[in-house]
Amino acid sequence: MAREYDLIIIGAGMVGALTAVLTAKKGLTVALVDKHSGQYPLSVPPAYDARVSAISTLSKTLLEEAGAWQRIDPNRLAPYKNMVVWDGLGAGEIDFDAMTQHRHDLGQLVENAVLCDALMKTVQDTRGIDLYLNDTVAEQRYVSDSIEVTLASDRQLQGALLIAADGAQSKTREQSGFDTVEWDYGHHAIVTTVQIDQPHQDTAWQAFGEEGILAFLPLPSIADKHYVSIVWSVAPREAEALLALDETQFCQRLTYAMNRRFTALAITVPRLAIPLRQRHAKQYVQENIALVGDAAHTIHPLAGQGANLGFADVSALVPIIVKAHQRGESLGALKTLRRYQRARMLDNIAMAASMEAFKRAFTTQHPLVVQLRNTGMSLCNASAYMKRQLVAHAAGIHSY
Ligand SMILES: Cc1cc2nc3c(=O)[nH]c(=O)nc-3n(C[C@H](O)[C@H](O)[C@H](O)COP(=O)(O)OP(=O)(O)OC[C@H]3O[C@@H](n4cnc5c(N)ncnc54)[C@H](O)[C@@H]3O)c2cc1C
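Residues numbered from 1 in each chain as written. Predicted model: local features only at pLDDT ≥ 70, side-chain atom pairs only at ≥ 80, totals over all residues. Heavy atoms only, no water.

1. Notes on the packing of aromatic side chains
Here is the rule we go by: Only centres within 6.5 Å qualify two rings of Phe, Tyr or Trp (six-membered ring in Trp) as a pair; their planes then separate them into stacked at under 30 degrees, edge-to-face at over 60, and tilted for everything else. The numbering of helices and of strands both runs from the N terminus, where a helix is a DSSP run of H or I of at least 4 residues and a strand a run of E of at least 2. Only protein chains enter the calculation, and the probe is 1.4 Å; a residue is then buried if its accessible area is under 20% of its type maximum, exposed if over 50%, and partly exposed in between.
Tallied over the entire structure, the rule returns seven aromatic pairs. Measuring from ring centre to ring centre gives 5.8 Å for Trp232 and Phe250, while their planes differ by 55°; the resulting arrangement is tilted. With Trp232 in strand β15 (residues 225–234) and Phe250 in helix α6 (residues 247–257), this residue pair connects regions lying 18 residues apart in the sequence. Overall, Trp232 belongs to the buried group, its relative accessible area being 0%. Here the aromatic residues Trp86, Trp205, Phe216 and Phe262 are joined through ring pairs into a cluster of three or more.

This is how it looks when you write it as structure tokens:
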């Protein structure tokens with residue numbers, strides 16, 4: 001006999017776990033399945049996790065609503081109050097600062113492991129969620145107006161709605177026959193934690209230039225030592241060459257790529273190279289199934305928006321299914337799920353298109369494009385209105 005739930009969520013990463021908590025808090029019964037153990041052992045600073053995320057205001061509000069944000073040790077959070085972006089091939093530079101935008105900060109940097117740990121603990125403390133860890137879906141089939149899944153452990157679950165939150169390589173998306181549009185960005189992102197010679201000034205620094213796209217993202221300082229997380233997007237061959245450098249040589253290249261604004265002193269965790277791929281599902285929903293987060297879309301990390309888009313999916317989907325539940329309507333009805341797709345798809349496509357345009361514009365050395373982009377950056381920097389719009393969009397909130 002299959003165990004019955006309102007929702008079966010595959011994937012207990014950031015997006016799946018948040019969906020589970022927010023829906024269970026509204027009285028829905030949830031089965032949350034993940035192939036992972038659900039354990040996120042936390043490293044000891046300064047060995048900050050190499051994977052970090054810049055969390056927008058909207059995302060933080062949702063995580064607070066779930067009760068997960070409050071569980072994060074403030075010593076593992078780094079609010080950034082400024083952002084400086086410049087073109088290494090010209091004089092173009094834009095700076096944003098929270099104060100002139102009447103904000104406390106522009107976002108918060110948090111290690112992925114720290115955030116996932118907080119979310120998993122919140123899941124475990126939330127009534128209405130059954131966790132199926134170290135498990136995957138072996139088979140899924142429609143049974144009248146619901147979905148039945150058989151897990152690899154042979155357990156059977158039945159739910160009105162199956163939510164695929166199983167990330168970029170989503171098996172659920174594939175098994176359900178969703179089509180995607182996808183291509184390689186021709187970039188690998190090298191990520192690691194770096195000790196730098198001076199305070200980062202609570203600023204996210206980003207350089208576009210010959211050396212690729214390089215972000216220095218602030219992490220909490222310890223005593224008089226200062227740390228940043230780097231995301232360095234370069235062609236795959238260049239990534240291989242950078243990984244082959246020893247620590248001293250790598251730090252020298254980093255210092256050069258940052259236009260010597262900082263000197264990189266040491267790396268505190270092993271470097272990782274992550275291949276970057278743009279991917280977008282042509283539909284996010286079908287009868288009884290919805291895709292959220294990276295299962296629905298992945299973008300270039302240059303603007304640090306992937307997880308924020310996933311959280312925005314959750315913020316659109318949850319009220320729609322909660323309302324359907326309260327009205328006694330079917331949670332899996334296509335008519336209901338299409339409301340979610342309408343609410344999110346254009347926004348996600350617009351963000352993917354801007355990332356592609358940015359990546360193309362900033363990885364060419366064609367003199368005309370270089371001149372145009374530098375002029376564009378200077379014009380944007382001179383316009384308080386444009387900067388306010390950009391910040392509001394990145395924060396996931398409306399401008400004023
Ligand atoms: C270099 C880099 C930097 C980034 N920086 C930022 C940033 O600053 N800000 C930001 O907003 N975003 C950022 N992102 C994007 C962000 O990391 C992702 O968008 C986010 O992690 C997606 O979360 P998710 O829960 O949808 O998927 P995932 O985090 O991939 O979680 C998927 C979950 O599903 C589970 N799973 C997978 N397959 C199965 C299966 N078959 N069965 C069961 N379970 C399964 C996995 O174990 C995992 O727990 C960055 C991405 C990269 C590559």
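There's more to say after this.
2. With respect to unusual backbone geometry
The step from Pro45 to Pro46 runs through a cis peptide bond, and the omega angle for that step is 15°. In this structure, Ser144 is a non-glycine residue whose phi angle is positive, near 40°. Mapping Ser144 onto the fold places it in the loop between β9 (137–143) and β10 (146–151).

3. Considering the pattern of salt bridges
Just so we agree on the cut-off: Between Lys or Arg on one side and Asp or Glu on the other, a salt bridge is scored when a side-chain nitrogen of the former is within 4 Å of a carboxyl oxygen of the latter.
Scanning the model with the defined rule gives 16 salt bridges in all. Measuring nitrogen to oxygen at the nearest pair gives 2.9 Å for the salt bridge that ties Glu111 to Arg76. Separated by 35 residues along the polypeptide, Glu111 in strand β7 (residues 107–111) and Arg76 in the loop between α2 (57–66) and β4 (77–80) bring together distant segments of the chain. Each member of the pair, Glu111 as well as Arg76, is classed as buried. Arg141 serves as the salt-bridge partner of Glu139, at 3.3 Å between the closest nitrogen and oxygen. The exposure class assigned to Arg141 is partly exposed, which follows from its relative accessible area of 30%. Residues joined by salt bridges that share partners form a network here, namely Glu182, Asp184, Arg277 and Arg279.

4. Description of the packing of helix α1 (residues 14–24) against helix α7 (residues 306–326)
For clarity, the cut-off: Inter-axis angles, ranging from 0 to 180 degrees, are taken between N-to-C directions of lines fitted to C-alpha atoms, where helices are fitted over the stretch in contact. Oblique is the label for any angle not under 35 degrees, not over 145, and not in the 65 to 115 range, which are roughly parallel, roughly antiparallel and roughly perpendicular in turn. Handedness of a helix crossing follows the sense of rotation of the near helix relative to the far helix, less than a right angle counterclockwise being left-handed and clockwise being right-handed. The contact definition used throughout considers only heavy atoms, calling two residues in contact when any of these lie within 4.5 Å. Each residue is assigned to one class: nonpolar for Ala, Val, Leu, Ile, Met, Phe, Trp, Tyr, Cys and Pro, charged for Asp, Glu, Lys and Arg, and polar for all the others, Gly among them.
In contact at an axis separation of 10 Å, α1 and α7 are set at 25° when each is read in the N-to-C sense. By the angle class used here, α1 and α7 are roughly parallel. The two elements α1 and α7 cross, and the hand of that crossing is right-handed. Each of Met14, Val15, Leu18, Thr19, Leu22 and Thr23 in α1 lies in contact with α7, whose residues at this interface are Ala307, Gly310, Phe311, Val314, Val318 and Ile321. Of the residues that constitute the contact of α1 with α7, the class distribution is nine nonpolar, three polar and no charged.

5. Some remarks on the pairing of β9
Using the following cut-off: In this description, strands pair whenever DSSP reports at least two bridges between them.
Pairing of β9 with β10, which is carried by six bridges, proceeds in the antiparallel orientation. Across the sheet, Gln140 pairs through a bridge with Val149, a residue of β10. Counting the residues between successive antiparallel strands, the hairpin from β9 to β10 contains two residues, one of them, Ser144, with a positive phi of roughly 40°.

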